[in-house]
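This is what each chain is made of:
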Amino acid sequence: MTMSRRKALKTFGAGTAAAVAGPALIALASQADAAAQPIPNPTGVGAAGTTLAKTVLPDAPNALGYRKLKAGPGEPHVLNNPGKFPVTTPATVLAAFGHMSDLHIVDDQSPLRVEFVDHLADPGEDPWPTGSAYRPHEFLSTQVVDAMARALRKIGRGPVTRLPLGFTAVTGDAVDNAQYNETRWYIDLLDGGRYIVPNSGNPALEQSVSGGFGLFPAGEKFFWHPEKAKTGDVHPGLGFGDRPGLLAAARKQFTSTGLGMPWYAVYGNHDALIQGNVPVDFDILFLHSLKWVAVNDWKLFKTFPKVPDGILDWWDVVEDGVDAITVTPDPYRRLLFREQFVAEHLATAGFPLGHGFAGSGKKAYYAVPHGPNDIVRYIVLDTTSEDSADGRVDDVQFKWLTQQLIANSSRYMNPEFELVVQPKVQDKLFVIFCHHTILTMSNDSDGNHGAADVLDLLRRFPNVILMANGHTHRNEVKAHLREVGTKVNALVGDGGFWEVSAASHIDWPAQSRTIEIAEGGGTLSIFTTVVDIDAPLNGDAGNGTPALLAATARELAVNDPQERLDEDGNPNDMTVGRRGANSAQRNSQLLLKTPFPLPKSVVVEGPGVLQDGATGNMCIVSGGSVSSLGLGMAAGTSPSIAMNATGEWQATFQANNGKLWYRSPSGQGGQLGGIAGIVVAPSTSPSIAALPAGGFVIAYQAANTGGLCFVSPSWMNTSLGLGMKAGTSPSIAPLANGDNCVIAMQANDGTLWIATLAGGGVPTGLAMPAGASPTVGSAPNGGYVVAFQGADGNLRWLNPAGDLVEPGIAMRAGTNPSVAFNAAGDYRIAFQHQSGVLATVGPTGSMVTTGQPMASAASPGIAVTAAGFDVLFQHSDGKLRRLTASGQVIATGAAVATGATPSLSAALALTLPPPVAKKTYNVPDLIGMTPDQAGAALKAIGLRVGVISHIAKCIEAPGTIVAPQHPDAGPHELLPDSPVHFTVETGEGCVITK
């Protein structure tokens, strides 16, 4: 039988209904529901989800000074090169990750909040630095963070390099008041799949300054009351209207979206101190300890008849008596010391366990685990002080940091201004995460190291390229270059590092970043791209969803009375300020000299995985060594492993609770599908594939339906509506187009079927024995091979041309083959021959027997290595063997579980995707056209356009366009779904920008 691959792929596009019109038993009861769901983008939307495509801007203020928000044009990356390094095209991708900071999750009903001092910061004469004590929107902090996690999850990959975001770093001030409940909300929000109830005290009572309800009889006029303004309130005069039902909606339970990727935590001053300033063990003179106040019914409140002029006046105010009112106590508001905050990160549904923290002791700094092939190392610092908001690095940590830098620097300058050369040390680039900016590391007393010491240390190590932080709630980038003519510059060369600060989530503009690192021609490029929350523009569209509430919060933030006015009471320009002084502070390409030669490509040998026969745990195989990961697997199942283009591997398996799990090299891993998990059909195994465009896809048989499902790189779970034979497992491999996969399975009619992520399936009519599972491998230049045991027990396969190959080779009953390709497009199939020995076969159909006896029910796993094809298999003695390409047999001594198949990932050379191409177009005269007409005219010359939403000044020569091209799109397509901006002012043409 011959089946054309082109015909098969055409059939995939025809839709599920056509594909299953044959044997009705294939269709599942849930198929209609699955078909109605949109297929997720397996690799994320990338640039289209960032401010490269569109921005959010404040509109003109109304008569009361209140602003709505509007859509603005996207901002391209601005070249930032103060060191005048050669401008080159990046050729090697090194890293891509998310950067969130200053989430400030707020329990706005806490007795420890001191909202009453906020108005002392109002514009006027000698305002106090208390402006963060109250914000009109602070009861919506959880919904804003959920919207940001959703935005980063949707983006999924670097907008420039298209590399999957490997993780997100959260650089401190995750919470506002060092409380337990705030900490749990923050962790659960980023983990995803958790119930969030943003309420405390008595759930039936609104006990915040925003609610009022008579609890705060004096001083209420300084707070916005969304349910109904009170007599004398100041906010209505500032444009804040009534929003009935808003507070009740803000308190409702919702399920967190989560980042859908590993995330790492950084300790900030608000995580450590009450309101970011006061130690958690502070006692109020003659009153209570603040730890007692946090969990009891005594809330501080004070009305100020006048603004205190100084310390003496302030003491007079305190002496007059601080008012207290009764609220509902709540033990979940308890304050956390550093070791308690760190330990909370072990109670997580996300990855990795502890989110970087070790989980014991008082240490809140660490190095992210790294492998020998990782070019970039990530270091996390704790810059908090014990009793103030000022930043510092304590001496023990400073010495630890120095040793970390020395460990991967072949040359550096020591404190005595001497060049140290370590020729045997492996160079790595360093990225530092911390909370404080260097400028705000002002605590250099008592042996602490402040800004000068930290800056001096990092400049002495040329491999340090980036510090990412927050604290100032402002988008900002700053170069810290080694000055020409200095000793350090003479010894270690030109260069330095960049400091990238992110805005907060609690204040306007509520933004985060993606950061990407690439290299080419001796120049490093660090791309910073700002991300807005995933929420509507309109801030008063309703209260029905967390996204709508996040939109409300963002609009309120831009109208914060103390933010929108300067110290003289004049309107601030809200398009700059915390948003960044200019576009170069937001979307920027930051250049540095590459500090050491980087390999253009690195060959990485792929690890393997197996189920240990003695413990039932999943083990990792590296070369000839086996180590347990301590993760229990379901009996009779096998793990699967794949490695992506950056050398990161992921393994998946059915855990001993029947749920789908995964594990990666940095230690992150766990149950997929949130609290409920994803239940895998008994005695079946999932299969994982690494997409060329980035990310991993997992295929499995669902327990509840017996149907084929897959989990996308953003952890979205999708049913393909195709029924599988009980007790069989799917096999998945990437297709060459980068965003899709081919899946082979035994359908519930007992024949081989082939499907893709786009839905539908193609029946081949080829019968298989009960319990047999096929294997699929993809060719680097397109096409794939599907190998399987036929109903007669013989090995068969569909080659890349779609032809059925039947060499007449008998397989041992109850076993399955494995297939792998090399870079040249050659492939090998490994299997257990009927005689019980390991054998392989290639495209010609000529079998090679190895003479290695295998366990009776064992199936091998094959993958390509730098030297050829290696095979992992269970020997007849029950132990794991590795047959190398040279014919060497390595005995590992590890027992393999009965019936379990080891899996081996392929070696690969790490390379950069091709750079974004540019094309010049001749644009017609668009004078007098409507946006729709202009769009039609542009499409007529071969351009694919998005929403035409803005008229902008021409930025190129009239009559031409230089447009970034999408690597996966056709030669005349702009980035999909990006807004297109143009001008019709000159009558001679326009420039389209994304």
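See above for the structure.
Residues numbered from 1 in each chain as written. Predicted model: local features only at pLDDT ≥ 70, side-chain atom pairs only at ≥ 80, totals over all residues. Heavy atoms only, no water.

Trainee: Can you walk me through the overall build of the protein chain in this structure?
Mentor: In terms of regular secondary structure, the protein chain is built from 15 helices and 55 strands. The burial tally for the protein chain puts 58% of its 994 residues in the buried class. A fraction of 64% describes how many contacts in the protein chain between residues 6 or more apart in sequence connect residues 24 or more apart. Of the accessible surface of the protein chain, which amounts to about 36,300 Å², a share of 54% is contributed by carbon and sulfur atoms. (Helix = DSSP H or I, 4+ residues; strand = E, 2+ residues; numbered from the N terminus. Buried < 20%, exposed > 50% of the residue type's maximum accessible area, 1.4 Å probe, protein only. Contact = heavy atoms within 4.5 Å. Areas by Shrake-Rupley, 256 points an atom, 1.4 Å probe, with all protein chains shown as cover.)

Trainee: What am I meant to see in the environment of Gln585 here?
Mentor: Position of Gln585 relative to the elements: it lies in the loop between helix H14 (546-558) and strand S21 (588-593). A relative accessible area of 14% means that Gln585 is categorised as buried. Taking the C-alpha atoms as reference points, Gln585 and Asn475, 110 residues apart in sequence, are found 6.0 Å from one another. Residues in contact with Gln585, not counting those within four places in the same chain, are Asn475, Glu476, Val477, Arg513 and Gly580.

Trainee: Before we go on, may I ask you to explain unusual backbone geometry in this structure?
Mentor: For residues other than glycine, phi is negative in most cases, and the peptide bonds are mostly trans. The omega torsion of the bond from Trp508 to Pro509 falls at 15°, within 30 degrees of zero and hence cis. Mapped onto the elements, Pro509 comes out in the loop between strand S18 (496-501) and strand S19 (511-520). Non-glycine residue Asp102 carries a positive phi angle of around 50°. Structurally, the position occupied by Asp102 is in the loop between strand S4 (92-100) and helix H4 (141-155).

Trainee: Any chance you could explain the pattern of salt bridges here in plain terms?
Mentor: Oppositely charged side chains are able to pair whenever their charged atoms sit close together. Using the criterion set out here, one finds 28 salt bridges in the structure. Across the pair Asp382 and Arg338 runs a salt bridge whose closest N-O atoms are separated by 3.0 Å. With Asp382 in the loop between strand S12 (376-380) and helix H11 (395-407) and Arg338 in helix H10 (residues 338-344), this pair connects stretches of sequence that are 44 residues apart. Judged on exposure class, the residue Asp382 and its partner Arg338 are both buried. The structure contains a network of salt bridges with shared partners spanning Asp146, Arg150, Lys154 and Asp534. (Salt bridge = Lys/Arg side-chain N within 4 Å of Asp/Glu carboxyl O.)

Trainee: Looking at this structure, how should I read the sheet that holds strand S11 (residues 366-367)?
Mentor: Whenever strands of a sheet pair, they do so through backbone hydrogen bonds, lying parallel or antiparallel. Here 6 strands make up an open sheet; going across it, the order is S11-S12-S15-S16-S18-S17 and the pairing mixed. Edge positions in the open sheet fall to S11 and strand S17 (476-481), since each of these has one partner strand only. The pairing of strand S15 (residues 429-433) with strand S16 (residues 464-469) spans 4 bridges and is classified as parallel. Following the sheet pairing, Phe430 is matched in S16 by Val464. In the packing of H11 onto the sheet, contacts are made with S11, S12, S15 and S16, and the angle to S12 comes to roughly 180°. (Pairing = 2+ DSSP bridges. Axes fitted to C-alpha atoms, helices over the stretch in contact; angles between N-to-C directions.)

Trainee: Looking at this structure, I do not really get the sheet that holds strand S37 (residues 761-767). What am I missing?
Mentor: Overall, antiparallel pairing links the 4 strands, which are arranged S34-S35-S36-S37 in an open sheet. Since the sheet does not close on itself, it has two edges, and those belong to strand S34 (731-734) and S37, each with one partner. Each strand axis lies, on average, 20° off the axis of its neighbour in the sheet, ignoring direction. The pairing of S34 with strand S35 (residues 741-746) spans 4 bridges and is classified as antiparallel. Within S35, the position partnered with Ile732 by the bridge is Ile743.

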